[in-house]
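Close look at the chain arrangement
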Amino acid sequence: MDERMLDGNAGAGDLQELFAVEVTQTVGVCEACGMEGPLAEAHVYSLAPGLTLRCRGCEAVLARLVHLPDRTLVELRGLRRLEIVR
Amino acid sequence: MADVRAETPRARTLTFDLPGWPGHRAGQHVDVRLTAEDGYRAQRSYSIASPPGASRLELTVERLDDGEVSPWLADEARPGDEIELRGPIGGYFVWEPARGGPLLLVAGGSGLVPLMAIERHRRAVAPEVASTVLVSARGPEDLLYAGELEGAAVVTYTRTRPEGWTGYARRVDEAMLAEAGPPPEARPRCFVCGPTSFVEVVAEALVALGHHRALIKTERFGATGG
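Source: prediction; values computed, not measured.

Rules used throughout
- Residues numbered from 1 in each chain as written.
- Chains lettered and ligands numbered in written order.
- Predicted model: local features only at pLDDT ≥ 70, side-chain atom pairs only at ≥ 80, totals over all residues.
- Heavy atoms only, no water.
- Salt bridge = Lys/Arg side-chain N within 4 Å of Asp/Glu carboxyl O.
- Helix = DSSP H or I, 4+ residues; strand = E, 2+ residues; numbered from the N terminus.
- Buried < 20%, exposed > 50% of the residue type's maximum accessible area, 1.4 Å probe, protein only.
- Contact = heavy atoms within 4.5 Å.
- Buried area = accessible area lost by both parts, 1.4 Å probe.
- Polar contact = N/O pair within 3.5 Å; in protein donor to acceptor, adjacent residues only side chain to side chain.

Residues and elements named next belong to chain B. What the rule picks out here adds up to 30 salt bridges over all chains. The closest approach of N and O atoms between Arg33 and Glu84, which form a salt bridge, is 3.3 Å. Highlighted residues: Arg33 in strand 3 (residues 29-35) and Glu84 in strand 6 (residues 84-89), separated in sequence by 51 residues. A relative accessible area of 15% places Arg33 in the buried class. Overall, Glu84 belongs to the partly exposed group, its relative accessible area being 38%. The partner of Glu62 in a salt bridge is Arg138, with the nearest N and O atoms 3.4 Å apart. Placement of the pair is Glu62 in strand 5 (residues 57-62) and Arg138 in the loop between strand 8 (131-137) and helix 3 (146-149), with a sequence separation of 76 residues. The exposure class assigned to Glu62 is buried, which follows from its relative accessible area of 15%. Its relative accessible area of 31% is what places Arg138 among the partly exposed residues.

This is the structure:
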């Protein structure tokens, strides 16, 4: 097991700032395997100058966030759908 | 920061006065950002230890020797220092009285912090909800909130134990969860927080015992980075 692996709770502050919604309860559907679940349960790796969210079912990349000095890059290619709890 | 107190040789509780703080829910965390004089910034997440409604916000921070943020918070920071906080964050790893019980709170090391906010909240507003707190600590000198939890938590020590200790002295496993916690039929709301490997083992053991996956909420923190 990779002790550096965290979960979606760890990346929530950055994501919340970008999307202006509470993200840990937001349900994501994996484009690769179709598994759905709250982003809090996604696997998160945050050692880089950013975050990678991976599916807890198939480990496919759901989303990436990279902080540069003057901007933030967001890639959501592995998320088929997001369901935001209001 | 208004106040600081030692919890263990490696951990301190920091108390903040936060004018305009919107309030928080039990189990949420904040991000702490430190900026060095040269502009280098480091950010880490720390769970809130104080229950909702407390007049001041409390964070308990354990020092990780190779960390970038925790050594400063756990050793250096002084009342009067100003620190950048972002939060409250999270809605998944959260308990409110309306979510009911019983509660099974399982902590590895400083994973106890958000569970303590939940337990304190329960005591304050819903003491009729049954709760089991199971804490795994390396040794007595690593157990957070020892005075407050005396007689109110099941403790297991994984490395060193007090003389004459007759309690658990091993890592949390299925048998321990079955003995110490409510049975799956009671449909306990399970909250598990600790290092990644601890959370994986405990969550899988709970599922193996027959607990509902949907009632098990987990929060992992890393062995490095702090």
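Moving on, we come to helix 1 (residues 12-19) of chain A. The complete set of buried residues in helix 1 of chain A reads Ala12, Gly13, Asp14 and Leu15 of chain A. Contacts made by the buried residues of helix 1 of chain A are with strand 5 (50-54) and strand 6 (61-67) of chain A together with strand 3, strand 4 (41-47) and strand 6 of chain B. Positive backbone phi, at 60 degrees, marks Ala20 of chain A, one or two positions downstream of helix 1 of chain A.

A separate point is the interface of chain B and chain A. Tallying the contact residues gives 26 residues for chain B and 21 residues for chain A. Summed over both partners, the interface of chain B with chain A comes to about 1,700 Å²; 48% of that surface belongs to carbon and sulfur atoms. When the shortest N-O distance is used, the salt bridge between Arg86 of chain B and Glu17 of chain A registers 2.6 Å. The tally of links between chain B and chain A comes to 11 residue pairs in polar contact (both at pLDDT 80 or more).

Read these as spatial facts, not as claims about activity.
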